[in-house]
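# Working through the structure, step by step
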Amino acid sequence: MRKKMYKAGKVWVAATLAIVGVMTGGAVVSADDNGDELGVVADEPVPQPDQVVVLQKDETTNASSASASASASADIPAISLSSVDTTSVASAGSDASSGSFSQLADSSTESLGSMASAGQALSSESTSVGTNNAGSVSSATTPEVSSATSQQSSAATEIVPSSVSSVTSASTTVSRRGLTREVTPSAQATHQSAAVVKKQVPKSTAQVVSAKAAPQATKHATVSTAKVTVAKRAASTTAKPVTKKVVKPKPFTGYKKGVFYQNGKRATGYLSDGKHRYLFRNGVKQKGVQKFQGTYYMFNLRDGRMMRNTYTASQWGLWYLFGADGRILTDVQPWAGGYYTFDARTYLKHTNVYEPARWGTWYMYDETGRCVSGYKYWQNGLYYFHPGTYLKATNEAFWENGNEYWADGGGVVRTGNWQIEHAIDTGTSLVGHSPYVWGGGRNSWSIAARQFDCSSFVRWCFANSGVFAGNVGDAVTYSQTSLGQGVPWSNIRRGDIFFMDHIGHVGIYLGGQYFLHDSPSSPTGGVGVSRLSDVVDRDDRAYAVPWYDIVDGVVRRLV
């Protein structure tokens, strides 16, 4: 009987210590398989006495541990922890035959049977239960053990010990059969549970205590401080805006779809590329004669560049002179080694005219518009203009090829021989009034009709002055080559006759390389005045040469 009670006491102590170890999450003391020794299983650090211990229900605990704990909780009645403290446990181990231990065993005989099985299960599974269930210890003044309610399914049992100082101390001493073993917790008060504690108090009051409230608050405070610091740094960074220098693109200058832009706008006015100037209107390059700033300018008809110091044709075919600055010129202007005059209203060149200049002096301009220097046949008279001054000679003598001439009061050139001048005046009277007729002038009626060829015309002119130049019926160029006195070409004088085109044509020399003749190649197509530099016949390839080129060099002086 005593051996049975000893063994039952041993099982009861082991079960009690296992339950306490599970609930406190600390060291679990259990009997070994042989029942000879006590083992210590170190689990979570022992909480401090000022904390409330809550054992949470671990869903991961295996089924055997859960059933063992459930059966133990159901079979073991509420016991005051003062009767099972470490001192009582030690005295029970050393003095198992005492009356108090017997009385305790007798009063708990039925309970010890169930507690033995529960204690055995709890002792074997204490390691897993202690590992998966953490708890806390608080020093309350009134010790009590209560079961968790159905509403507080997460908390298993709350323990508020009063004399648990031996459990929470640095070491715990357990005695059995005079042998003493010391149980040491692994790490005291260094690890806190994350469970939320709800203390059993009167129904009117409910408090929820968090095991990690203080550390979490510190952690949150640290994180909040860090966030504030980062926010301040971000604010200080954004408070200093970075100003970027905006570089505006340069306005476009150049051609786009045939339109020229300058600084982003359609060009208008003068533009220069360094060599030439151009005129634009609404981006379009102008060509030809253009009016700008109250005057006219000429722009090349091909590329539009402004033309300067040039005499050129406009887009409508008329010719104008433009100066060094590109402006159109008027009045007397020097150009190409001579002088020209341009109308102040039409800007056109004057030709074949004798007129005064802006300053009152008179000048003669030939068919090209050039101011005449030397001889000029104009209005059926020959005039002489002094080289250098371009002034007409009047009432004065001058010389040509060693022969003296005289300019009368009107400037008309004379030789001083009335027969020569009368013959020339007779023939000049038919200029533009007698067309060329080959074989004409050989009878009275053709002479009356003023129908002549070259040789009959020469004969008729001198016959009116009393000078013989051949018979009426047989006057031809070949017979006239023997008339009068022959002179060299270099000494030809006004009134001499000369032959051309292999003695095929004859004319009367007037001076200054002008001559009077009757020819279909004359300016009038009959009786007319030509110059040796004029082209014989532009339409005939064989005679598209100056008259000078077909001169034979045969000269006859009749007077």
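Rules and cut-offs
- Residues numbered from 1 in each chain as written.
- Predicted model: local features only at pLDDT ≥ 70, side-chain atom pairs only at ≥ 80, totals over all residues.
- Heavy atoms only, no water.
- Helix = DSSP H or I, 4+ residues; strand = E, 2+ residues; numbered from the N terminus.
- Contact = heavy atoms within 4.5 Å.
- Buried < 20%, exposed > 50% of the residue type's maximum accessible area, 1.4 Å probe, protein only.
- Polar contact = N/O pair within 3.5 Å; in protein donor to acceptor, adjacent residues only side chain to side chain.
- Core = buried A, V, L, I, M, F, W, Y, C linked by side-chain atoms within 4.5 Å.
- Pairing = 2+ DSSP bridges.
- pLDDT = per-residue confidence, 0-100.
- Axes fitted to C-alpha atoms, helices over the stretch in contact; angles between N-to-C directions.
- Salt bridge = Lys/Arg side-chain N within 4 Å of Asp/Glu carboxyl O.
- Parallel < 35°, antiparallel > 145°, perpendicular 65-115°, else oblique.
- Left-handed = near helix turned anticlockwise from the far one by under 90°.
- Nonpolar A, V, L, I, M, F, W, Y, C, P; charged D, E, K, R; others polar.

### Some points on the overall build of the protein
Counting secondary structure elements, the protein contains eleven helices and 34 strands. When contacts within the protein are restricted to residue pairs at least 6 apart in sequence, those whose partners lie at least 24 apart make up 47%.

### Re the side chain of Ser314
Tracing the backbone shows Ser314 in the loop between strand S18 (310-313) and strand S19 (319-322). For Ser314, the residues in contact, after removing those within four places along its chain, are Val289, Met298, Leu301 and Tyr320.

### Thoughts on the side chain of Arg494
As for its placement among the helices and strands, Arg494 is situated in the loop between strand S29 (485-487) and strand S30 (497-500). The class of Arg494 is buried, set by a relative accessible area of 5%. Within the structure, the side chain of Arg494 is placed 2.8 Å from the side chain of Glu421, a separation counted as a polar contact. Within the local environment of Arg494, its side chain forms a polar contact with the backbone oxygen of Leu510, the two atoms lying 3.0 Å apart. Filtering out sequence-adjacent residues up to four positions away, Arg494 remains in contact with Leu382, Tyr405, Val413, Thr415, Ile420, Glu421, Ile424, Tyr509 and Leu510.

### Some details on helix H8 (residues 418-428)
Among the residues of H8, Ile420, Glu421, Ala423, Ile424, Thr426, Gly427 and Thr428 are the ones counted as buried. As for H8, its buried residues are in contact with strand S24 (374-378), strand S28 (413-414), helix H10 (454-463), strand S31 (505-511), strand S32 (514-518) and strand S33 (527-531). Its side-chain oxygen placed 3.0 Å from the backbone nitrogen of Gln419, Asn417 serves as the N-cap of H8.

### Some thoughts on H10
In terms of burial, H10 is a largely internal element, nine of the ten residues being buried. By the burial criterion, the buried members of H10 are Cys454, Ser455, Ser456, Phe457, Val458, Arg459, Trp460, Cys461 and Phe462.

### Examining the nonpolar core
Formed by 48 residues in total, the largest nonpolar core has its most connected members in Tyr375, Phe462, Ile497, Phe498, Ile508 and Leu516. Of all hydrophobic cores here, the second largest spans seven residues; its members include Trp378, Tyr383, Phe385 and Val412.

### Quick word on the pairing of S24
Counting buried positions along S24 yields five of five residues, so the element is predominantly enclosed. Where S24 lies against strand S25 (residues 381-385), five bridges are found, and the strand directions are antiparallel. Bridge assignment links Tyr377 to a residue of S25, and that residue is Leu382. Between S24 and S25, which pair antiparallel one after the other, the connecting turn spans two residues, and Gln379 there sits at a positive phi close to 55°.

### What to know about the confidence of the model for the protein
Of all residues in the protein, 57% attain a pLDDT of 70 or more, and the chain-wide mean is 72. Low confidence marks residues 26-214, where pLDDT is under 50. Its contacts with residues over four positions away, or in another chain, come to 277 contacts.

### A short note on the sheet that holds S29
Strands sit in the order S29-S34-S30-S31-S32-S33 across an open sheet of six strands; the sheet is antiparallel. This sheet does not close on itself; its edge strands, each paired only once, are S29 and S33. Neighbour to neighbour, the strand axes of the sheet diverge by 35° on average, direction disregarded. For S31 and S32, the ladder comprises three bridges, and the chain directions are antiparallel. Bridging across to S32, Tyr509 finds its partner in Phe515. Docked against the sheet, H8 engages S31, S32 and S33, running at close to 55° with respect to S32. The sheet strands contacting H10 are S30, S31, S32 and S33, and the helix crosses S31 at an angle near 45°.

### Topic: the sheet that holds strand S27 (residues 403-407)
Spatial ordering of the open sheet is given by S26-S27-S28, a layout of three strands whose pairing is antiparallel. Both edges of this open sheet fall to strand S26 (396-400) and S28, since each of them pairs with a single strand only. Bridging between S27 and S28 involves two bridges; their strand directions are antiparallel. Within the sheet, the bridge partner assigned to Ala407 lies in S28 and is Val413.

### Let's talk about unusual backbone geometry
A positive phi angle, near 65°, is found at Tyr347, a position not held by glycine. Look at His502: it is not a glycine, yet its phi comes out positive at around 60°. Summarising the element assignment, His502 is placed in the loop between S30 and S31.

### So, the environment of Ser482
Structurally, Ser482 can be placed in the loop between helix H11 (477-480) and S29. For the pair Ser482 and Gly470, spaced twelve residues apart in the sequence, the C-alpha separation amounts to 10.0 Å. From its side chain, Ser482 meets the backbone oxygen of Ser479 in a polar contact 3.0 Å long.

### A closer look at the pattern of salt bridges
The final tally for this structure, using the stated rule, is ten salt bridges. When the shortest N-O distance is used, the salt bridge between Arg414 and Glu421 registers 3.3 Å. Residue classification places Arg414 among the partly exposed positions, given a relative accessible area of 28%. What makes Glu421 buried here is its relative accessible area of 7%. Between Asp453 and Arg442 there is a salt bridge, with its nearest N and O atoms 3.0 Å apart. Placement of the pair is Asp453 in the loop between helix H9 (444-448) and H10 and Arg442 in the loop between H8 and H9, with a sequence separation of eleven residues. When its relative accessible area of 5% is taken as the criterion, Asp453 is described as buried. By sharing partners, the salt bridges in this structure join Arg414, Glu421, Asp425 and Arg494 into a single network.

### Focus: the packing of H8 against H10
At a minimum axis distance of 8 Å, the contact between H8 and H10 shows a crossing angle of 130°. Classed by the angle they form, the pair H8 and H10 counts as oblique. At the point where H8 passes H10, the crossing takes the right-handed sense. Within the contact between the two elements, H8 uses Ala423, Thr426 and Gly427 and H10 uses Phe457, Trp460, Cys461 and Phe462. Per-class residue counts for the contact of H8 with H10 are five nonpolar, two polar and no charged.

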